[in-house]
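What the coordinates show
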Amino acid sequence: MIFEFERDFAGSLRCIPMIARQKLDIVGIKMTLRQWSRLSRAERGLLVEGPCATDGEQAGYRMLVEDLIAARADEPVRFLPPQPLDDWREANLMPEAVTIQAKADGVAAPTPAQWAGLTPLERFALIKLARSKHENENFVPALKEFGILQGEG
């Protein structure tokens, strides 16, 4: 699933789409754009489409990513620090970063009901966009795509 707001840069799989970023976060691997760009289009597609829900699927996905980086990139696998809580899994608690980014963009933040109504991947995307230093220009388009902002801009 490639979101509309990322289609121009992730639809071609030149950049890492949110669904692959989410899976990489789940398995605790930080993949650089340089490493991603070394993969074939088919390999990138595997990372987008590959299952990563159960413990077994996550173990297989982690192994696949480690093997691909080892085979294609000339740099080591970088692991993320363990995260005790994945904010995007929390339907009842919106991270402050989302509210701060909405305020910075001059738009209303999602209400608690709207936040709870988002899919985990949509919540993940908003959190990533709110915390990003270089991609937050897609924050408002994502809010619109997810039905949070209607008829604005």
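Up top is the structure these notes are about.
One structure accompanies this document, and this report is about it. (Residues numbered from 1 in each chain as written. Predicted model: local features only at pLDDT ≥ 70, side-chain atom pairs only at ≥ 80, totals over all residues. Heavy atoms only, no water.)

1. Comments concerning the packing of helix H2 (residues 18–27) against helix H4 (residues 41–49)
Definition in use: Lines fitted to C-alpha atoms define the axes, with helix axes restricted to the stretch in contact, and inter-axis angles between N-to-C directions lie between 0 and 180 degrees. Helix numbering and strand numbering both begin at the N terminus, where a helix is a DSSP run of H or I of at least 4 residues and a strand a DSSP run of E of at least 2. In these notes the angle categories are as follows: under 35 degrees is roughly parallel, over 145 is roughly antiparallel, 65 to 115 is roughly perpendicular, and the rest is oblique. We call a crossing left-handed when the near helix sits turned anticlockwise from the far one by less than a right angle, and right-handed when that turn is clockwise. A contact between two residues is defined here by any heavy atoms of the two lying within 4.5 Å. Residue classes follow a fixed rule: Ala, Val, Leu, Ile, Met, Phe, Trp, Tyr, Cys and Pro count as nonpolar, while Asp, Glu, Lys and Arg count as charged, and any other residue, Gly among them, counts as polar.
Remark: H2 packs on H4, axes separated minimally by 8 Å, with the N-to-C direction vectors making an angle of 70°. As summarised for this structure, H2 and H4 are arranged roughly perpendicular, according to the angle between their axes. When you trace H2 past H4, the crossing you get is left-handed. Within the contact between the two elements, H2 uses Ile19, Ala20 and Lys23 and H4 uses Leu47, Val48 and Glu49. Partitioning the contact of H2 with H4 into residue classes produces four nonpolar, no polar and two charged.

2. Concerning the pattern of salt bridges
Using the following cut-off: A pairing counts as a salt bridge when a side-chain nitrogen of Lys or Arg comes within 4 Å of a carboxyl oxygen of Asp or Glu.
Counted under the stated rule, the structure contains seven salt bridges. Through salt bridges that share partners, Arg34, Arg38, Asp74 and Glu75 make up one connected network.

3. Some remarks on the packing of H4 against helix H5 (residues 55–72)
Each pair of packed helices can be described by the angle between their axes along with the distance between the axes. Contact pair H4 / H5: the axes reach a minimum separation of 11 Å and the direction vectors enclose 160°. Of the possible angle classes, the one that applies to H4 and H5 is roughly antiparallel. Both H4 and H5 take part in a crossing whose hand is left-handed. For the pair H4 and H5, contact is made by Glu43, Leu46 and Leu47 and by Tyr61, Leu64, Val65, Leu68 and Arg72, respectively. Here the residues of the contact of H4 with H5 sort into six nonpolar, no polar and two charged.

4. Observations concerning the environment of Tyr61
When you line up the elements, Tyr61 lands in helix H5. Note: C-alpha distance between Tyr61 and Gln35 (26 residues apart in sequence) is 16 Å.

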